[in-house]
Amino acid sequence: MNLSTPPPVLEIDRLELRLPDDRAARPILDGVSLTVRAGETVGLVGESGSGKSVACRSVLGLLPKGSRTAGQVRVNGADVLTMDRARLAALRAREVAMVFQDPRASVNPLRRVGDFLTEGLRASGTPAARATARAEELLDAVGIRDPRGALRRHPHQFSGGMLQRVVIAAALAAEPALLVADEPTTALDVTTQAEVISILARLRAERGTGMLFVTHDLELASAICDRVYVMYAGRIVETRSTDELFDRPRHPYTAGLLACTPRIEAGAPAPRPIPGRPVSLAEAPAGCPFAARCAHAVARCAEEKPELARHGEGFAACLRAEEGIRL
Amino acid sequence: MTTVVEKGLVVDGLRKRYGDHLAVDGVSFALPAGGSLAIVGESGSGKTTTVRMLVGLERADGGTVRLDGKDRSARPRNRAERLARARDVQMVFQDPYLSLDPRISVSGCLDEVLRLHTSLDAAARRARVADLLDRVGLGAREAAALPRGLSGGQRQRVAIARALAVEPRVLVLDEAVAALDVSIQAQILDLLREIRREAGIGYLFVTHDLAVVRHVADDVLVLKSGQVVESGPVDRVLGAPEHPYTRLLLNSVPRRGWDPAAVTDRF
Amino acid sequence: MTTTLTTVPYRRPGLRRLRLLGQGPLFTVSVAVLALLVLVAVFAPLLAPYDPEALDLGASLVGTSGDHLLGTDQSGRDILSRLLHGARTGLLGPLLVVGVSTLLGTLLGVVAAWRGGWADAIVSRSMDLIFSIPGLMMAILLVAVTGPGMTAPVIAMAVAYTPYVGRLVRGIARQEKARPYIEAYVVQGWSGWTVCVRHLLPNIAPTVFAQSAMNFGYTLMDLAALSFLGFGVQPPTADWGTMINEGQGAVLQGAMLPALAPSVCIVLAVVAFGIVGEGLADRIARREK
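Attention here is on the structure that accompanies the text. (Residues numbered from 1 in each chain as written. Chains lettered and ligands numbered in written order. Predicted model: local features only at pLDDT ≥ 70, side-chain atom pairs only at ≥ 80, totals over all residues. Heavy atoms only, no water.)

With that settled, the discussion passes to the overall build of chain C. Summing up its helical and strand segments, chain C has ten helices and zero strands in all. Taken from the N to the C terminus, the helices and strands of chain C come in the order α-α-α-α-α-α-α-α-α-α. Taken along the three principal axes of its C-alpha coordinates, chain C extends 75 × 45 × 30 Å. A total of 289 residues make up chain C; the buried ones form 50% of that total. Sequence-distant contacts in chain C: of pairs separated by 6 or more residues, those separated by 24 or more amount to 74%. (Helix = DSSP H or I, 4+ residues; strand = E, 2+ residues; numbered from the N terminus. Buried < 20%, exposed > 50% of the residue type's maximum accessible area, 1.4 Å probe, protein only. Contact = heavy atoms within 4.5 Å.)

Here you go:
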């Protein structure tokens, strides 16, 4: 990184999140640190139960019921976890926007799309006519034809892909510094996914919005992210620039994920499964959480928890990586 | 049509209409015995409706389905015919969390199928259940469990074992790995490959995922709005697609260096 | 998805408020009240200190005393004994109504959901038709034809409550039928009948049971109302509704108990059934999540 890098819009700093002991034996998030700079797309990749969704929701101050936290989640320098209600509401209205997997879950089905798009603007004092004009601009920006007509329609009159564009348009209404997207295209068809992703990429380029992109799809992350964080059992196990991560993974889990993802290229090797299954919340392994599934694990791995350490241009949390194993 | 009895599954001119909407519009294909065919398409392409007609969950408005020359398009006339058809084609569903009866244990679930389709006594069925579970990589602990005690991948293994219990000729896999984590998905794909090699069951893969198609199927059928737009061997269709829609699908698959804006010049 | 299906049992708007009372101790207390009610009904002849129909005109409207814990009515009958015996007619009627309407409604609902098409159309339209006629009116009409007594009201209410169950069952059975586990049984080659009886019914039974518990309370109230109006249970048989009717005169003479005691019993029973039904429904809804 050189000195001209833009300031971070999001810094998650050693975030730890625990549920009451009867609901989980291990922390949901265990010392997660992550940075997103303006204009940067950062991928957060992991399987179900890795904690990726919990981590990204924490950015909006959305925490699971009864959870206890340590560490900080700073947006533009202010810690989200210690904000009061009013400050949180302002954060969600102006600084951070979120796009979820299911667009239907985030839109009131009884209200017109126009109301959904303008309510935030009008709440912050924009006159109705200006808000409507702005909503039309936004719909146009996300590639909805006939924006004026669209404002008068109800959510059920849109397909999933079109509605996801509406949600993105609403997310951009306040020109947030950070967009958090939690599997925004998982429920969509591939061709629609391509359209939505190209909209997100273009908006980022035009507006310099930082984006945290949460996905289980490595191929998708490799296609759009500048840097990628890989999560496993509530911990960041590896992070580096996308090209380096995919060309030379240092953590066996990353390498395993890459090997088990089916690839479309002719002659691509058959996906090679990772044995076993992800660590459940009821298990609290003493050492490296991946050790039980790891082909490279040695006795030490089951006892010592590896810390994130610099390997190459990025970081990996693996005892064997320090020994320079080849994956 | 030839008078020679064809081996395998032959589907000819299958049609299904819902109101004004033609969901499946003259779909024809053949799956040779022990072959593997992928049906790909996006939502609304009619791929799921097509296979639901094959297993009898939907009634076709037109067209024929034959397995080894036996017609299975009309409603089964009696119990024997119904059971015979069930032994021909079985299905694994997409959502492992909804495809098992929540009240019935894993071994009970397999035992039921064996009771319906075989004349084995209780001891023989128990042995067969253990066999089937072993084949999909599950043990005694899972056998006694209720579905809610199992992970998604384990449930999908149970669903596969349940389908295999009747020793079908053709196994329909409707997005059977789509709901699973990638590391588990690869395990299930591996398992399916192994089963096919040992048992010679024909696979009909319904999927939206072209990368999966590359690794599981010999042939592929691309559906759009209820019609077949392209079909052929996987290497040919994915390597040198002829139809613009197939090309669009292929270009939409994310990969490194992918430019989503180039995929769609709609705006 | 084109239609929205209700999985939540139908609730009468008036009783909906009970939700606010929460679920913890109140649910337990209600279950206890119902258990007590059933015990009383079963053992009424053993528990009642007097013959509920024995007249003693010399002891008319005696207040509470050691001899008569709740006093006597105008005809000098022991109120406690009449209440205890009244629990029998009070529970028997609703039991018949709920039993018949649950069986019939479940059968029709499952057939409509499973067969679809014309079977569904016929069942649904006839349920709509019955639904549009108030149960009490149906009962009164039937009583007008057959003469007073319990039989006509019970038949009429059973018919009137069938669509409540039928609509609920049709809705949840349609949802359940579309679940892959049910489809998997069909693909395995089981007959529709077997799949419905062995797998679909047990999985929807808890929801149906919750609805029936609520219907029990409503029916109890309806039948008591009919008896009060003179259409149902006929004097001198001990029945809560009839007792309120007979006690009206006593109120004018300053004796509250003859009318008040059966009223309290009705309210307690109806509220308890409502809370239990609601509680069960909420538990199911939470489990579904």
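Still more to cover.
Below, the discussion takes up the packing of aromatic side chains. Summed over all chains, the structure comprises seven aromatic pairs over all chains. Aromatic pair Tyr253(A) and Phe290(A): ring centres 5.1 Å apart, planes at 65°, arrangement edge-to-face. Of the two residues, Tyr253(A) sits in helix α10 (residues 252–260) while Phe290(A) sits in the loop between α10 and β11 (309–311), which places them 37 residues apart along the sequence. When sorted by exposure, Tyr253(A) lands in the same class as Phe290(A), which is buried. Between Phe216(C) and Phe273(C), the ring centres sit 4.4 Å apart and the planes meet at 25°, which makes this aromatic pair stacked. Here Phe216(C), found in helix α8 (residues 192–229), pairs with Phe273(C), found in helix α10 (residues 257–288); they are 57 residues apart in sequence, far enough to count as distant. Here Phe273(C) falls in the buried class, since its relative accessible area comes to 11%. Here a set of aromatic residues connected by ring pairs shows up, and it is made of Tyr232(A), Tyr253(A) and Phe290(A). It is Lys224(B) that lies over the ring of Tyr245(B); its NZ or CZ is 5.3 Å from the centre. (Phe/Tyr/Trp six-rings, centres within 6.5 Å; stacked < 30°, edge-to-face > 60°. Lys NZ or Arg CZ within 6 Å of the ring centre and 35° of its normal.)

Let us now look at the interface of chain C and chain B. Taken together, the 16 residues of chain C in the interface contact 23 residues of chain B. Summed over both partners, the interface of chain C with chain B comes to about 1700 Å²; 58% of that surface belongs to carbon and sulfur atoms. Looking only at chain C, the three residues that lose the most surface to chain B are Val187(C), Gln188(C) and Trp190(C), adding up to 35% of its buried area. Run the count over chain C and chain B and you get one salt bridge. The shortest N-O distance in the salt bridge between Arg52(B) and Glu183(C) comes to 2.7 Å. Connecting chain C to chain B are ten residue pairs in polar contact (both at pLDDT 80 or more). (Buried area = accessible area lost by both parts, 1.4 Å probe. Salt bridge = Lys/Arg side-chain N within 4 Å of Asp/Glu carboxyl O. Polar contact = N/O pair within 3.5 Å; in protein donor to acceptor, adjacent residues only side chain to side chain.)

Structural measurements only, silent on function.
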